[in-house]
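# Per-entry structural report
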Amino acid sequence: MSDQAGTAKPVSRRRFLDIIVGAGLLGWLATVLYPVLRYLKPLSGAGPGGPIKLSADEATRLEREHYVIVRSGTSRVLVFEDPAQGLRALSAKCTHEGCTVQYLPGESIVWCACHNGRYGLDGRVLAGPPPRPLAQYDAQRDADGSILVKLGKS
Ligand code: FES
């Protein structure tokens, strides 16, 4: 038996450089592939056109501020509590130039701050430049308290 049995073999300079270069290449590959894979992966949740279930945080914001804007793919949806009709959902994209609208509970209107467009709580245009009403969606509160918005015509 030799004296070197059981002792670690020293790493040569060549082997050390191979490890460093290999780790660098793996890091570079990960930084290139990760954004590509993120881009190709479908959006989480129901996806565009499918039903939206409000998260606990969104439901809390709805309770506190009387409205919340949620996203489904590239769509924005305004969910709000209409004192007369209950839970409602409209497209949050102004039909004029696409700004995000907001619910003004004190005035019972949906308002676009970009050019002072005003909509009724059913989405019809009351005043301002918007050419068309906001799309309406079906919003429901389930027995367990969760809120579901069905996209598409209601
Ligand atoms: Fe909303 Fe012009 S973008 S009124």
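Keep in mind the model is a prediction, meaning the values are calculated, not measured.

Below, the discussion takes up the environment of Arg118. With respect to the helices, strands and loops of the structure, Arg118 is situated in strand S7 (residues 117-119). Dropping the residues within four chain positions of it, Arg118 is found in contact with Glu107, Ile109, Val110, Trp111, Arg124, Val125, Leu126 and Ala127.

The geometry of two aromatic rings is summed up by the distance between their centres and the angle between their planes. For the coordinates displayed, the defined rule picks out 2 aromatic pairs. Between Tyr67 and Tyr103 the ring centres are 6.4 Å apart and the planes differ by 85°, which places this aromatic pair in the edge-to-face class. Of this pair, Tyr67 sits in strand S2 (residues 67-72) while Tyr103 sits in strand S5 (residues 102-104), and the two are 36 residues apart along the sequence. Both residues of the pair, Tyr67 and Tyr103, belong to the buried class.

Turning our attention to the environment of His115. Within the secondary structure, His115 is located in the loop between strand S6 (109-112) and S7. Separated by 16 residues in the primary sequence, His115 and Cys99 place their C-alpha atoms 9.2 Å from one another. Excluding anything up to four places from it in sequence, His115 contacts His96, Glu97 and Pro129.

With that settled, consider the environment of Leu134. By secondary structure assignment, the location of Leu134 is in the loop between strand S8 (125-127) and strand S9 (136-141). Taking the C-alpha atoms as reference points, Leu134 and Leu90, 44 residues apart in sequence, are found 6.2 Å from one another.

This brings us to the nonpolar core. Ranked by size, the top nonpolar core spans 14 residues in total, and within it Leu54, Leu62, Val70, Val77, Val79, Ala89 and Val149 carry the most contacts. Of all the elements in the fold, those that place two or more residues in this core are S2, strand S3 (75-82), strand S4 (86-91), S9 and strand S10 (147-150). If we ignore the near neighbours within four places in the chain, the residues touching Val79 are Leu54, Leu62, His66, Tyr67, Val68, Val70, Leu87, Arg88, Ala89 and Val149. By size, the runner-up hydrophobic cluster in this structure holds 13 residues, among which are Leu78, Leu90, Val110 and Leu121.

What counts and how
- Residues numbered from 1 in each chain as written.
- Predicted model: local features only at pLDDT ≥ 70, side-chain atom pairs only at ≥ 80, totals over all residues.
- Heavy atoms only, no water.
- Helix = DSSP H or I, 4+ residues; strand = E, 2+ residues; numbered from the N terminus.
- Contact = heavy atoms within 4.5 Å.
- Phe/Tyr/Trp six-rings, centres within 6.5 Å; stacked < 30°, edge-to-face > 60°.
- Buried < 20%, exposed > 50% of the residue type's maximum accessible area, 1.4 Å probe, protein only.
- Core = buried A, V, L, I, M, F, W, Y, C linked by side-chain atoms within 4.5 Å.

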